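Notes for the structure review
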Amino acid sequence: MDKDQEFNDVQNNWKEDILNSLEGMEKAKPNRNLLPDIERRINLSETKQVSFAPLNVAAAIAIILVVINVLVLSRFMMAGNNENTSSPKPATETFTLVNDFSIYE
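Quick caveat, the model's predicted, so the values are computed rather than measured.

**Regarding the overall build of the protein**
- For the protein, the count of helices and strands is four helices and zero strands.
- In sequence order, the protein lays out its α and β elements as α-α-α-α.
- A total of 105 residues make up the protein; the buried ones form 0% of that total.

Written as structure tokens, this is what we have:
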């Protein structure tokens, strides 16, 4: 039991030594000129303006292409539906049958 007690005392003393080592320390203070230097750098920096004109042109072109594609596809689908809904013509109307095999007479 003595070893366990000694171990606990050493641990407690170690913690106390660390906490006591901080006594008498001053708070960290920034340099007096730090804030004015930061403000000066902010005021001296140039503001960069980004132009969105190329992005607007690209978006407009993309929208125009999509609209054209939709119109072409819709007309194509309408034309396809009209062909499919019409009744097929009978074979007698489109082809003439040969009933005479004497071609050279």
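Picking up after the structure, the text goes on.
**Let's talk about the pattern of salt bridges**
- Across all of its chains, the model carries one salt bridge by this definition.
- Note that R40 and D37 form a salt bridge whose closest N and O atoms lie 3.7 Å from each other. Here the residue R40 and the residue D37 both occupy positions in helix α2 (residues 34-44), the gap between them amounting to three residues, near one helical turn.
- Note on D37: relative accessible area 32%, which makes it partly exposed.

**Considerations on a nonpolar patch on the surface**
- On the surface, L34, I38 and I42 cluster together into a nonpolar patch covering about 280 Å² of accessible area.
- Within the secondary structure, L34 is located in helix α2.

Calculation rules
Residues numbered from 1 in each chain as written. Predicted model: local features only at pLDDT ≥ 70, side-chain atom pairs only at ≥ 80, totals over all residues. Heavy atoms only, no water. Helix = DSSP H or I, 4+ residues; strand = E, 2+ residues; numbered from the N terminus. Buried < 20%, exposed > 50% of the residue type's maximum accessible area, 1.4 Å probe, protein only. Salt bridge = Lys/Arg side-chain N within 4 Å of Asp/Glu carboxyl O. Patch = residues over 30% accessible without salt bridge, like charges linked within 9 Å, V, L, I, M, F, W, Y side chains within 5 Å. Areas by Shrake-Rupley, 256 points an atom, 1.4 Å probe, with all protein chains shown as cover.

Keep in mind that these numbers describe shape and distance, not what the molecule does.
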